[in-house]
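Descriptive structure summary
Each chain is listed here by its residues.
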Amino acid sequence: MNDSERIEASAQVSDKGTRVRRVDIDVIAYPMRHVGKSGYESTDVPGAITNRTRMAIRIETADGSVGEFVGSNESMIAQTKTCARMLLGYDAFARELFYEDAKRKLRKNDRMGVEPIDIALWDLAGKRSNVSVSQMLGGFRTRLKAYASTWFGGKTGGLASPEAFDAF
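Cut-offs applied
In this numbering scheme, every chain counts its residues from 1 along its sequence in written order. A pLDDT threshold of at least 70 governs which residues receive local features in this predicted model, and a stricter bar of 80 or more applies before side-chain atom pairs are shown or counted, although totals over entire chains, interfaces and linings include all residues. The basis for every side-chain value is the complete set of non-hydrogen atoms in the structure, without hydrogens or water. Buried residues of nine kinds, namely Ala, Val, Leu, Ile, Met, Phe, Trp, Tyr and Cys, make up a nonpolar core once their side-chain atoms join them within 4.5 Å. To sort residues, take the accessible area from a 1.4 Å probe on protein chains only and compare it with the maximum for the residue type: under 20% means buried, over 50% means exposed, and anything in between is partly exposed. Helix numbering and strand numbering both begin at the N terminus, where a helix is a DSSP run of H or I of at least 4 residues and a strand a DSSP run of E of at least 2. Note on definitions: a residue-residue contact is assigned when non-hydrogen atoms from the two residues lie within 4.5 Å. Working definition: rings of Phe, Tyr and Trp (its six-membered ring) pair if their centres are within 6.5 Å, and the pair is stacked with planes under 30 degrees apart, edge-to-face with planes over 60 apart, and tilted otherwise. Note on geometry: a ring has a charge over it if NZ (lysine) or CZ (arginine) is within 6 Å of the ring centre and within 35 degrees of the ring normal. Every axis in this analysis is a line fitted to C-alpha atoms, fitted for helices over the stretch in contact. Angles between the N-to-C directions lie between 0 and 180 degrees. Each angle is binned into one of four classes, with values under 35 degrees roughly parallel, values over 145 roughly antiparallel, values of 65 to 115 roughly perpendicular, and all other values oblique. Charged means Asp, Glu, Lys or Arg here, nonpolar means Ala, Val, Leu, Ile, Met, Phe, Trp, Tyr, Cys or Pro, and polar covers whatever is left, Gly included.

Further remarks concern the nonpolar core. Val 23, Ile 57, Ile 59, Leu 87, Phe 98 and Ile 117 are the most contacted members of the largest nonpolar core, which totals 24 residues. The set of elements that each furnish at least two residues to this core consists of strand E2 (20-38), strand E3 (41-61), helix H1 (77-87), helix H2 (95-105) and helix H3 (114-129). Apart from residues no more than four positions distant in its own chain, Phe 98 is found in contact with Cys 83, Met 86, Leu 87, Tyr 90, Val 114, Ile 117 and Leu 121.

Here we take up the packing of aromatic side chains. Applying the stated criterion to the full structure yields 1 aromatic pair. The ring of Trp 122 has Arg 95 lying over it, and the distance from NZ or CZ to the ring centre is 3.7 Å.

So, about the side chain of Glu 60. The topology assignment puts Glu 60 in strand E3. You can call Glu 60 buried: its relative accessible area is 13%. With residues up to four places along the chain from it excluded, the contact list for Glu 60 reads Arg 19, Val 20, Arg 21, Arg 22, Ser 65 and Val 66.

Quick look at the packing of H1 against H3 now. Two quantities define a packed helix pair, namely the angle between the helix axes and the distance between the axes. It is at 8 Å that the axes of H1 and H3 come closest, and there the two elements cross at 45 degrees. Comparing their axes, H3 and H1 come out oblique. Judged by residue contacts, Thr 80, Cys 83, Ala 84 and Leu 87 of H1 engage Val 114, Pro 116, Ile 117 and Leu 121 from H3. For the contact of H1 with H3, the class distribution of residues is 7 nonpolar, 1 polar and no charged.

In structure tokens:
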């Protein structure tokens, strides 16, 4: 079962430059098998199906530059739609200005909907500049410690040891 909802917003802006002319949001719902609720905790429950909802965002500027993001959760979708409509006409490189304006508009909310837009704007800036986001943020490391996480943790016996997690 896949449900999809598409939100498209566009604005008339000049044909040149980094002004945002289009934001597409695809909302995707899908089943996650063998994950169910046990009290307040999600656990691996054989045969259980839990529905998940995520979104894919695509931001396009007047000069054709594109930034993308996939992920998030259901609670962020409404705010992200509000932010997407608000983003039209902004300079895609004015991320902080957009954040400050969105923060004011969402002042009575948790402002979680700004995050997916911000990530897509960073992606756009990196692609357009042909530089990784790490480099844009001043990164110099060539190695980083890794972090891994999963729904299927120790209590249920699935990945109760570092070796089992590594094999997974």
